[in-house]
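Spelled out from the first residue to the last, the chains are:
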Amino acid sequence: MMGWVQIRTSARLRALYGAVQDEGVPNQLLDLLEKLDSAEQAQKAKTASRDGE
Amino acid sequence: MSAEPTSFKREMLATLPSLRAFAVSLTGKHDKADDLVQDTVMKAWAKQSSFEMGTNIKARLFTILRNEFYSQMRKRGREVQDSDGAFTERLSVHPSQYGSMDMQDFKKALAQLPDDQREAVILIGASGFSYEEAAEICDCAIGTMKSRVSRARTRLQDILKISGEADYGPDAVSAQVTTHNHSF
């Protein structure tokens, strides 16, 4: 049986963490992921076309 | 090659908000946390061929981020550790179900924990990892992880009791507690 203090501690930890999560992901991070992905796709396409020759 | 080309990216995207919250809890600063997440994303991307099918990508990302944080700390010494750690900085989204004084006390209590206990209680109590996963992320035994969480919890409760917390009673406990009381 958890005491009230323990339950409140747990809920507040999640609230604090959740507040950062709810801020969303900054654009610079999303841009980075897009760049990494498109660089990889381009690399794959290049390799594929070279293999096809 | 029949592997879904963007599934790794999709899993990363899904993990980023939680990974970022963990980074803020480690660094105490949003700008440093974002740098740390960025380094982690680049490292993980370079290593993605080693992420086998069925790998727990979330746990792997947390592991990489945590290792990166401590290795940067070692390299730069105190410079990185220029805050009290934890969520000391003002949050752009305020946890609304609590009064700001209430949360200030809690942040201070969290900041007073030793680093290993704070990260343990956050991974288990907020990030949603199992003890086994958290132990793997922190490279320690499951028993060690359990005792860190238990000590952190006791300590947080003691600090809050001293500040008069025990008199409050069950008033503001939110509905999510009853649905999430398995953790922590």
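Residues numbered from 1 in each chain as written. Chains lettered and ligands numbered in written order. Predicted model: local features only at pLDDT ≥ 70, side-chain atom pairs only at ≥ 80, totals over all residues. Heavy atoms only, no water.

### Focus: the overall build of chain B
Then comes step 1: Along its length, chain B carries eight helices and zero strands.
Then comes step 2: The order of α-helices and β-strands along chain B, N terminus first, is α-α-α-α-α-α-α-α.
Then comes step 3: A total of 184 residues make up chain B; the buried ones form 47% of that total.
Then comes step 4: Taking as baseline every contact in chain B between residues at least 6 positions apart, the subset at least 24 positions apart corresponds to 66%.
Then comes step 5: Accessible surface for chain B amounts to roughly 9,300 Å². Of this, 49% is attributable to carbon and sulfur atoms. (Helix = DSSP H or I, 4+ residues; strand = E, 2+ residues; numbered from the N terminus. Buried < 20%, exposed > 50% of the residue type's maximum accessible area, 1.4 Å probe, protein only. Contact = heavy atoms within 4.5 Å. Areas by Shrake-Rupley, 256 points an atom, 1.4 Å probe, with all protein chains shown as cover.)

### Quick look at the packing of helix H1 (residues 7-27) of chain B against helix H3 (residues 57-76) of chain B
Residue and element names in this part refer to chain B.
Then comes step 1: For the pair H1 and H3, the least separation of the axes is 9 Å and the interaxial angle reads 40°. In terms of orientation, H1 and H3 fall into the oblique class. Our pair here, H1 against H3, has a crossing hand that is right-handed. For the pair H1 and H3, the contacting residues are Phe8, Glu11, Met12, Thr15, Ser18, Leu19, Phe22, Ala23, Leu26 and Thr27 in the first and Ile57, Lys58, Leu61, Phe62, Leu65, Arg66, Phe69 and Tyr70 in the second. (Axes fitted to C-alpha atoms, helices over the stretch in contact; angles between N-to-C directions. Parallel < 35°, antiparallel > 145°, perpendicular 65-115°, else oblique. Left-handed = near helix turned anticlockwise from the far one by under 90°.)

### Side note on the state of the cysteines
All names here are of chain B.
Then comes step 1: Going through the model one piece at a time under the given rule, you end up with zero disulfides over all chains.
Then comes step 2: Cys140 supplies the cysteine sulfur nearest to Cys138, a cysteine that is in no disulfide, at a spacing of 5.5 Å.
Then comes step 3: You can call Cys138 buried: its relative accessible area is 5%. (Disulfide = S-S within 2.5 Å.)

### Section: the pattern of salt bridges
Then comes step 1: Applying the stated criterion across every chain, the model contains nine salt bridges over all chains.
Then comes step 2: Its salt-bridge partner being Lys9(B), residue Asp37(A) comes within 3.1 Å of it at the nearest N-O pair. Taken as a pair, Asp37(A) in helix H2 (residues 27-52) and Lys9(B) in helix H1 lie in two separate chains rather than in one. Accessibility assignment for this pair places Asp37(A) and Lys9(B) in one class, buried.
Then comes step 3: With its nearest N and O atoms 3.5 Å apart, the salt bridge here joins Asp116(B) to Arg148(B). Of the two residues, Asp116(B) sits in helix H5 (residues 115-125) while Arg148(B) sits in helix H7 (residues 142-162), which places them 32 residues apart along the sequence.
Then comes step 4: The exposure class of Asp116(B) is partly exposed, given its relative accessible area of 30%.
Then comes step 5: For Arg148(B), a relative accessible area of 14% gives the class buried.
Then comes step 6: In this structure, a network of salt bridges that share partners links the residues Glu23(A), Arg20(B) and Asp34(B). (Salt bridge = Lys/Arg side-chain N within 4 Å of Asp/Glu carboxyl O.)

### Some remarks on the packing of aromatic side chains
Residues and elements named next belong to chain B.
Then comes step 1: Summed over the entire model, instances satisfying the criterion amount to four aromatic pairs over all chains.
Then comes step 2: Seen in terms of ring centroids, Phe62 and Phe129 are 4.8 Å apart; in terms of plane orientation they differ by 75°. Their pairing is edge-to-face. In this pair, Phe62 sits in helix H3 while Phe129 sits in the loop between H5 and helix H6 (131-137), placing the two residues 67 residues apart along the sequence. Here Phe62 matches Phe129 in class, with each residue buried.
Then comes step 3: Connected via pairs of aromatic rings, a cluster forms that spans Phe22, Phe62 and Phe129.
Then comes step 4: Above the face of the Phe129 ring, Lys58 is positioned so that its terminal group lies 4.8 Å from the ring centre.
Then comes step 5: Above the plane of the ring of Tyr131 lies Lys146, whose end atom (NZ or CZ) is 5.6 Å from the centre. (Phe/Tyr/Trp six-rings, centres within 6.5 Å; stacked < 30°, edge-to-face > 60°. Lys NZ or Arg CZ within 6 Å of the ring centre and 35° of its normal.)

### Brief notes about the confidence of the model for chain B
Residues and elements named next belong to chain B.
Then comes step 1: On average, residues of chain B score 80 in pLDDT, and 70% of them reach the 70 mark or higher.
Then comes step 2: Confidence, expressed as mean pLDDT per element, reaches its minimum in chain B at helix H8 (residues 175-180) with 41 and its maximum at H6 with 97.
Then comes step 3: This stretch, residues 165-184, has a pLDDT under 50; its non-local contacts, to residues over four places away or in other chains, come to 39 contacts.
Then comes step 4: Interface predicted TM-score (ipTM) for the complex: 0.84; the corresponding pTM is 0.80. (pLDDT = per-residue confidence, 0-100.)

### Considering unusual backbone geometry
For residues besides glycine, phi is generally negative; the peptide bonds are generally trans as well.
Residues and elements named next belong to chain B.
Then comes step 1: In this structure, Asp139 is a non-glycine residue whose phi angle is positive, near 55°.
Then comes step 2: Within the element layout of this structure, Asp139 appears in the loop between H6 and H7.
Then comes step 3: Using a relative accessible area of 69% as the deciding quantity, one classes Asp139 as exposed.

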